[in-house]
Amino acid sequence: MTASPSRPRRQRVIPAVRDPALELSLVKPIATGDNHQRAATVQDTDGEPLLQFEGRSNPYLEHQRNDLLLSLQHMRSEGHDEMVFMCITHCKELSFKAIHYELSNMQLRVRADDVAGALQLAPRVRALLEFLAKTWDVLSTITPHEFNQFRNTLGIASGQQSYMYRHVEFILGNKSIPLARAHANNPEVWPYMERALNAPSLYDDVLALLHRRGVPVPAEALARDWSASYAPNAGVEAAWLQVYGDPAPENDLYRLGEALMDIADVFSQYRWRHFVSVERILGFKPGTGGSAGVGWLRSVVDHRFFPELWSVRTRL
């Protein structure tokens, strides 16, 4: 279980979640630089920052497109707290994008039998999820009175309609055909959502890796309807029990299992903070997107990614 093939050549992959042409249309060309250019510039400026630029912008805005990013917080009410609500919501969407990016590359490394490469990315995924969970520290400062000042402007908008969040759930294995089809009316998003729905998750690829390494994994876990909700499997639990029988640092499959548990653990904490924060602000009012609000979130809190990694602990 500790075989380590020669290190593969790793290549970054940017997963597509929306028509790439739309995003590329927003990119502006900018000049590149190198160490020689930067050293020469410092000599010209005596170490002071550059403050004069041609045109009507500056290179930082052109590179980051913060002119677009900072123009997206359109206030729709007179409520004071709507601004921070929008800013933090946009921070969450960017975090979902970063998490999905790292998970996608982690998955590709698992498929290539590059466990060391996959493990390299896992701590960043955990750190991003920890950052995401802390967004509720800010949102929880909004009182019921303050939220009610702008809640009606949401209409039927809800965070559950986020396609970026749905991609994160799907790559981790929590598939849902109904929730995926919420994006079927968006031709720029739906083809990528449908592909994610019908593709193996990161966990599915990890189980395939165990099988390739000689750990017995049930056939029904290796070839199934990938769009179906994952169901716990006693044979998969037995496979993990075999892996965890050798909890040595040299056992990369054991370390991969623990890395997945780190991700699942912190994600569960994020969901719990979401649940508690919504109850604190809204009580048991219905959600804006048609759900029962806190009552629906309760079922989400009880879900666990990689269920056999949780249940195997009882047998250790």
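This write-up is about the structure you can find in this document. (Residues numbered from 1 in each chain as written. Predicted model: local features only at pLDDT ≥ 70, side-chain atom pairs only at ≥ 80, totals over all residues. Heavy atoms only, no water.)

Some words on helix 13 (residues 234-244)
- For helix 13, the set of buried residues is Val-236, Glu-237, Ala-239, Trp-240, Val-243 and Tyr-244. Projected down its long axis, helix 13 shows its buried positions confined to an angular sector of 155°, all on one face.
- Its buried side turned inward, helix 13 meets helix 11 (202-212), helix 12 (219-222), helix 14 (252-282) and helix 16 (307-311). (Buried < 20%, exposed > 50% of the residue type's maximum accessible area, 1.4 Å probe, protein only. Helix = DSSP H or I, 4+ residues; strand = E, 2+ residues; numbered from the N terminus. Arc of directions from axis to C-beta. Contact = heavy atoms within 4.5 Å.)

Looking at the pattern of salt bridges
- If you walk through the whole model with that rule in mind, you get 14 salt bridges.
- Here Arg-271 and Glu-169 are joined by a salt bridge, their closest N and O atoms 2.9 Å apart. Residue Arg-271 is located in helix 14, and its partner Glu-169 is located in helix 8 (residues 163-172); the two are separated by 102 residues in the primary sequence. Assigned by exposure class, Arg-271 and Glu-169 land together as buried.
- In this structure, Glu-237 and Arg-315 form a salt bridge, with 3.0 Å as the shortest nitrogen-oxygen distance. Of this pair, Glu-237 sits in helix 13 while Arg-315 sits in the segment after helix 16, placing them 78 residues apart in sequence.
- The exposure class of Arg-315 is partly exposed, given its relative accessible area of 45%. (Salt bridge = Lys/Arg side-chain N within 4 Å of Asp/Glu carboxyl O.)

As for the nonpolar core
- Within the largest apolar cluster, 64 residues are counted, with the highest numbers of intra-cluster contacts made by Leu-103, Met-106, Leu-172, Tyr-203, Leu-210 and Trp-240.
- Mapped onto this core, the elements with two or more residues apiece are helix 5 (82-111), helix 6 (115-139), helix 8, helix 11, helix 13, helix 14 and helix 15 (294-301).
- When residues in this core are grouped by element, the largest group, 14 residues, is from helix 14.
- Leu-172 has contacts with Leu-103, Ser-201, Leu-202, Tyr-203, Ile-263, Phe-267, Phe-305 and Phe-306, leaving out every residue within four places of it along the chain.
- Phe-170, Ala-180, Trp-190 and Leu-197 belong to the second largest nonpolar core, which has six residues in total. (Core = buried A, V, L, I, M, F, W, Y, C linked by side-chain atoms within 4.5 Å.)

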